[in-house]
Amino acid sequence: MVLTEVRKNFKDAMIPFSNLAIDETLLLWKGRLSFKKYIKRATEHKDPLEDILGKSGVIVKDLMKPYINKGYSLFTENFYTSPQLVMYLHKRKTNTFGSVRKKSKRYANH
């Protein structure tokens, strides 16, 4: 398919700088549209790391997969930042910088 070839060519040509960023703008927009779009959802099993990293951490893990163990630095906003994610990436030679909410419920037990 032509689109598959175009995507492959762009991916092969794109070499990101050493600093990468993920922020909330990648989240699903929940506003209203005048049309509907149906997206097939994968019926895969839950990622085993979800219990450790949380859903947002698994999103980061999946997005960063091509850049792990290559010395990249990731900048995140507080939605994605967690001590567990930072430790996971650090063990895989990926620096992480991000803000954390002081009173976040996500870290109350950690």
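Residues numbered from 1 in each chain as written. Predicted model: local features only at pLDDT ≥ 70, side-chain atom pairs only at ≥ 80, totals over all residues. Heavy atoms only, no water.

(A) Main features of the overall build of the chain. The helix and strand tally for the chain stands at 3 helices and 3 strands. Listing the helices and strands of the chain from first to last along the sequence gives α-β-α-β-α-β. Within the chain, counting contacts between residues at least 6 apart in sequence, those at least 24 apart form 61% of the total. (Helix = DSSP H or I, 4+ residues; strand = E, 2+ residues; numbered from the N terminus. Contact = heavy atoms within 4.5 Å.)

(B) Molecular detail of the packing of helix α2 (residues 50-64) against helix α3 (residues 83-90). Two elements in contact, α2 and α3, have axes whose closest approach is 9 Å; the angle formed by their N-to-C orientations is 45°. When the axes of α2 and α3 are compared, the pair comes out oblique. The element α2 and its partner α3 pack so that their crossing is right-handed. Contacts from I52, L53, G57, V60 and K61 of α2 reach α3 at Q84, L85, Y88 and L89. Residues of the contact of α2 with α3, tallied by class, amount to 6 nonpolar, 2 polar and 1 charged. (Axes fitted to C-alpha atoms, helices over the stretch in contact; angles between N-to-C directions. Parallel < 35°, antiparallel > 145°, perpendicular 65-115°, else oblique. Left-handed = near helix turned anticlockwise from the far one by under 90°. Nonpolar A, V, L, I, M, F, W, Y, C, P; charged D, E, K, R; others polar.)

(C) Representation of the confidence of the model for the chain. On average, residues of the chain score 82 in pLDDT, and 74% of them reach the 70 mark or higher. The secondary-structure element of the chain with the lowest mean pLDDT is helix α1 (residues 2-13), recorded at 88, while strand β2 (residues 73-76) shows the highest, at 95. (pLDDT = per-residue confidence, 0-100.)

(D) Fine view of the environment of Y67. Here Y67 shows up in the loop between α2 and β2. Separated by 26 residues in the primary sequence, Y67 and K93 place their C-alpha atoms 9.6 Å from one another. Excluding anything up to four places from it in sequence, Y67 contacts P16, L20, Y72 and T94.

(E) Representation of the packing of aromatic side chains. Scanning all chains against the criterion turns up 3 aromatic pairs. Here the aromatic rings of Y67 and Y72 are separated by 5.1 Å at their centres, their planes lie at 70°, and the arrangement is edge-to-face. Note on Y67: relative accessible area 23%, which makes it partly exposed. Plain terms: the ring middles of F75 and F97 are 4.9 Å apart, the flat faces sit at 20° to each other, and that makes the pair stacked. Taken together, the positions of F75 in strand β2 and F97 in strand β3 (residues 95-98) put the pair 22 residues apart, joining distant regions of the chain. Taking relative accessible area as the criterion, F75 reaches 35% and is therefore assigned partly exposed. (Phe/Tyr/Trp six-rings, centres within 6.5 Å; stacked < 30°, edge-to-face > 60°. Buried < 20%, exposed > 50% of the residue type's maximum accessible area, 1.4 Å probe, protein only.)

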